[in-house]
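# Report on the structure
Here's the letter readout for the chains.
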Amino acid sequence: MALVAPELIQGADVLYRYNTYDSATINGRPQPGFSSGEAMLAMENLSLATLPTGYKFDWTDSSFEERKSGNMAPVALGMSLIFTFLFLAALYESFLTPFAIILSVPVAMLGAVIALTVTGASLSLYGQIGMVLLVGLASKTAILIVEFAKQLREVQRMDLLEATVEAARLRFRPVMMTGISFVVGVLPLVIASGAGAASRVSLGLAVFGGTIMASIGGTILVPIFFRLVQGLREVVHGGPTSPPE
């Protein structure tokens, strides 16, 4: 008498498990014009509405990290601005001069937003990292002008307006050379394709647009910011200021 009866059936080649539970893996990406957060929220709502009782879902890999970080990107951006301001305040021994540099950061952010909007790309987690990176890039560009203008005003005792115009004229080429070289360097990220291209494109577009705006707008607006801030410093100090010792 036979104890078993063999029977041919079809089954999965690979059985996935997640936290000791049987699981199925679903991969996807957002449509152009939608962020990864919006796509994940739509997926969660769809899963809650359609999955049978007893089924649960969770995120893995970069999606898990994005959900875990939550709204930490604005916090990281705010902290980077605060620390940049404190470092500049220590460098120039002034709480006013750093504003001439920090005010250039929104200009770079505007360039990043324009680049993402024009191309229809989403502001993903990688694009937010690019925003934080722009804080340092925009500050670096502004420092090239502000530092030179301060030297002309405080060391050579040039007229404030003349020092500002001369610094903008003399530092125009270094600013543009630095900006163009960096833009060319991130261009491969902008035109990336293949596996993982979405993250590289989002990061590249944010930095690409922000650097262009910081280089072009910075050369125009940073001298204006310096003229206003330095003029306010001299009003507070009752006359021309001296360089830090």
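All of the points below concern the structure found in this document. Just so we're clear, the structure is a prediction, and the values are computed from it rather than from any experiment.

## A short note on the overall build of the chain
- Counting its secondary structure elements, the chain contains nine helices and two strands.
- For 245 residues, the compact-globule estimate of 2.2 N^0.38 gives 18 Å, and the chain exceeds it by more than 25% at 26 Å.
- Projected onto its principal axes, the C-alpha positions of the chain cover 110 × 30 × 30 Å.
- Of all intrachain contacts in the chain linking residues separated by at least 6 positions in sequence, the fraction that spans at least 24 positions is 71%.
- In the form shown here, the chain has an accessible surface area of approximately 15600 Å², with 66% of it arising from carbon and sulfur atoms.

## Section: the nonpolar core
- Counting residues in each nonpolar core, the largest one holds 19 residues, and the members touching the most others are Ala100, Ile101, Val146 and Phe226.
- Contributing elements (two or more residues each) for this core: helix 3 (72–92), helix 4 (97–102), helix 6 (125–155), helix 7 (160–170) and helix 9 (197–237).
- If you tally residues by element for this core, the top one is helix 6, at five residues.
- Look past the residues within four positions of Val146 in its chain and what remains in contact with it is Tyr92, Thr97, Ala100, Ile101, Val222 and Phe226.

## Examining the environment of Leu144
- With respect to the helices, strands and loops of the structure, Leu144 is situated in helix 6.
- Along the backbone, Leu144 and Glu44 are 100 residues apart, and their C-alpha atoms lie at a distance of 48 Å.
- In this view, Leu144 contacts Arg171, Pro174, Val175 and Thr178; residues no more than four positions away in its chain are not counted.

## Here's the deal with the pattern of salt bridges
- Inspection of every chain in the model, using the stated rule, returns five salt bridges.
- Residues Glu154 and Lys150 are paired through a salt bridge, measuring 3.0 Å at the closest nitrogen-oxygen approach. Linking Glu154 with Lys150, this pair stays in helix 6, spanning four residues, or about one helical turn.
- A cluster of three or more residues bridged by salt bridges with shared partners is formed by Lys150, Glu154 and Arg233.

## Observations concerning the environment of Ala90
- You can see Ala90 is positioned in helix 3.
- Residues Ala90 and Gly37, spaced 53 residues apart in sequence, show a C-alpha to C-alpha distance of 38 Å.

## A few points about empty space enclosed by the protein
- Here the structure, examined in full by the defined rule, presents one cavity of 30 Å³ or more.
- Taken together, Leu137, Lys140, Thr141, Thr178, Gly179, Phe182, Thr211, Ala214 and Ser215 form the lining of the largest cavity.
- Broken down by secondary-structure element, the contributors of at least two residues to the lining of the largest cavity are helix 6, helix 8 (172–190) and helix 9.
- Split by residue class, the lining of the largest cavity holds three nonpolar, five polar and one charged.

## Section: unusual backbone geometry
- Phi is positive for Thr20, close to 70°, though the residue is something other than glycine.
- Tracing the sequence through the fold places Thr20 in the loop between strand 1 (16–18) and strand 2 (21–23).
- For Glu93, which is not glycine, the phi dihedral falls at a positive 55°.
- In this structure, Glu93 sits in the loop between helix 3 and helix 4.

## Digging into the packing of aromatic side chains
- Evaluation of the coordinates by the stated rule reveals three aromatic pairs.
- Aromatic pair Phe83 and Phe87: ring centres 6.3 Å apart, planes at 35°, arrangement tilted. With Phe83 and Phe87 both in helix 3, this residue pair falls four residues apart, about one helical turn.
- On the basis of relative accessible area, Phe87 is assigned to the exposed category, the value being 60%.
- Among the aromatic residues, ring-to-ring pairing joins Phe85, Phe95 and Phe99 into one connected group.

## Quick look at helix 5 (residues 105–119)
- With 15 residues, helix 5 extends 22 Å between its outermost C-alpha atoms, agreeing within 8% with the 21 Å of an ideal straight helix rising 1.5 Å per residue.
- Taken together, the buried positions of helix 5 are Val105, Val107, Ala108, Met109, Gly111, Ala112, Ala115 and Leu116.
- Among the structural elements, helix 3, helix 4, helix 6 and helix 9 are those in contact with the buried residues of helix 5.
- In the stretch just after helix 5, Gly120 is the one whose phi turns positive, near 75°.

About the criteria used
Residues numbered from 1 in each chain as written. Predicted model: local features only at pLDDT ≥ 70, side-chain atom pairs only at ≥ 80, totals over all residues. Heavy atoms only, no water. Helix = DSSP H or I, 4+ residues; strand = E, 2+ residues; numbered from the N terminus. Rg over C-alpha atoms; globule rule 2.2 N^0.38 Å. Contact = heavy atoms within 4.5 Å. Areas by Shrake-Rupley, 256 points an atom, 1.4 Å probe, with all protein chains shown as cover. Core = buried A, V, L, I, M, F, W, Y, C linked by side-chain atoms within 4.5 Å. Buried < 20%, exposed > 50% of the residue type's maximum accessible area, 1.4 Å probe, protein only. Salt bridge = Lys/Arg side-chain N within 4 Å of Asp/Glu carboxyl O. 1 Å grid on protein atoms, 1.4 Å probe; cavity = no way out; pocket = protein on both sides within 12 Å on 5 of 7 lines; lining within 4 Å. Points joined across faces, edges and corners; volume = space filled by probe spheres on them. Nonpolar A, V, L, I, M, F, W, Y, C, P; charged D, E, K, R; others polar. Phe/Tyr/Trp six-rings, centres within 6.5 Å; stacked < 30°, edge-to-face > 60°. Expected span 1.5 Å × (residues − 1).

Any functional reading would require information that these geometric values do not contain.
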